[in-house]
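# Remarks on the overall topology
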Amino acid sequence: MIKIENMSIHGLKEAIRGMRNPMNSWDKSDSTVCGGEGFGQCLTCECNHEERCYESFVMGDNDHSLMMKLAAGGPVHAKYRRMIAVYVDITAPLYWWKEFDTYKIGTVANSCSTMHKIHAKEFTVDDFSHEHLLNFINHNKDERLTPSIELGCGDCKFSPYGILELTVDILNTCRERYLAALKTEEETDFSAKDIWWQMIQLLPSSYNQKRTIMLNYEVLAGIYPMRKGHKLDEWREFCQWIEQLPYSEIIIGEKEESNE
């Protein structure tokens, strides 16, 4: 799973102003403010600029045309994309963040800390991405949320979802013992640090972590063509989010016309 929220975009006006510096063509800029002065006025006015309006900013035809022309020339010509900053909160599993972390240039992130806060709350299965976990024992997808456990021949057989439930139980046991060890002054076989390590090293890569991300349109232009057809649902959903950004055509190219 992936959850994308609290998105804001900054620098559109500044990017356009800088884009026109090389040819001293500021007088040709035709972007404006919609619905009167003040942030967000276009949200309530009858502006009829839905496709070109982001909050109180409306991109003009001249500026849009130049942006598209430069975008078609690639990163060397579309330097203005680096000036359009995007802030967003993303909650996603660690296995997705591991791939996202390959994008080091033009990104900044502050994450919720597993090192400091892994014990802060009780673990539940919903702390993990598990939408694809099945019951391999009887292959019944309808029972993946109520996995069966077979006992026989001295062996205990769990479904994949059942393994996650078992892991959550073990993590919660370790959490309880860790919290107890922090409170006691008595010597035991295991220190609080020993027990803390159990949670850190047992934590599955499906654990969902929240990060606040800062990136820019140029970074997104590099991500989109490489990830839009990725086998991970999270990447495909992330690219669908890119497609919905204001003026996303300067990232992904001209949008296809709908036949509906």
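Structure shown above.
So, a few notes on the structure that sits alongside this text. (Residues numbered from 1 in each chain as written. Predicted model: local features only at pLDDT ≥ 70, side-chain atom pairs only at ≥ 80, totals over all residues. Heavy atoms only, no water.)

To describe a pair of aromatic rings, you give the distance between the ring centres and the angle between the ring planes. A full pass over the atoms with the stated rule returns 12 aromatic pairs. Pairing W96 with W97 gives two aromatic rings, centres 4.9 Å apart and planes at 70°, and the pair type is edge-to-face. Residue W96 is classed as buried on the basis of its relative accessible area, which comes to 0%. Judged by relative accessible area, W97 falls into the buried class, the value being 0%. Following the ring pairs from residue to residue traces out a cluster consisting of W96, W97, F100, Y103, W235, F238 and W241. (Phe/Tyr/Trp six-rings, centres within 6.5 Å; stacked < 30°, edge-to-face > 60°. Buried < 20%, exposed > 50% of the residue type's maximum accessible area, 1.4 Å probe, protein only.)

Before going further, it helps to spend a moment on the pattern of salt bridges. Evaluation of the coordinates by the stated rule reveals 7 salt bridges. For E5, the salt bridge goes to K3, with nearest N and O atoms at 3.9 Å. On the accessibility criterion, E5 (24% relative accessible area) is partly exposed. Note that R227 is salt-bridged to E99, the shortest N-O span being 2.9 Å. You can see R227 sitting in helix α7 (residues 217–227) and its partner E99 sitting in helix α3 (residues 94–100), a full 128 residues away along the chain. With relative accessibility at 13%, the residue R227 sits in the buried group. (Salt bridge = Lys/Arg side-chain N within 4 Å of Asp/Glu carboxyl O. Helix = DSSP H or I, 4+ residues; strand = E, 2+ residues; numbered from the N terminus.)

From the geometry alone we can't say anything about function, so treat these as descriptive.
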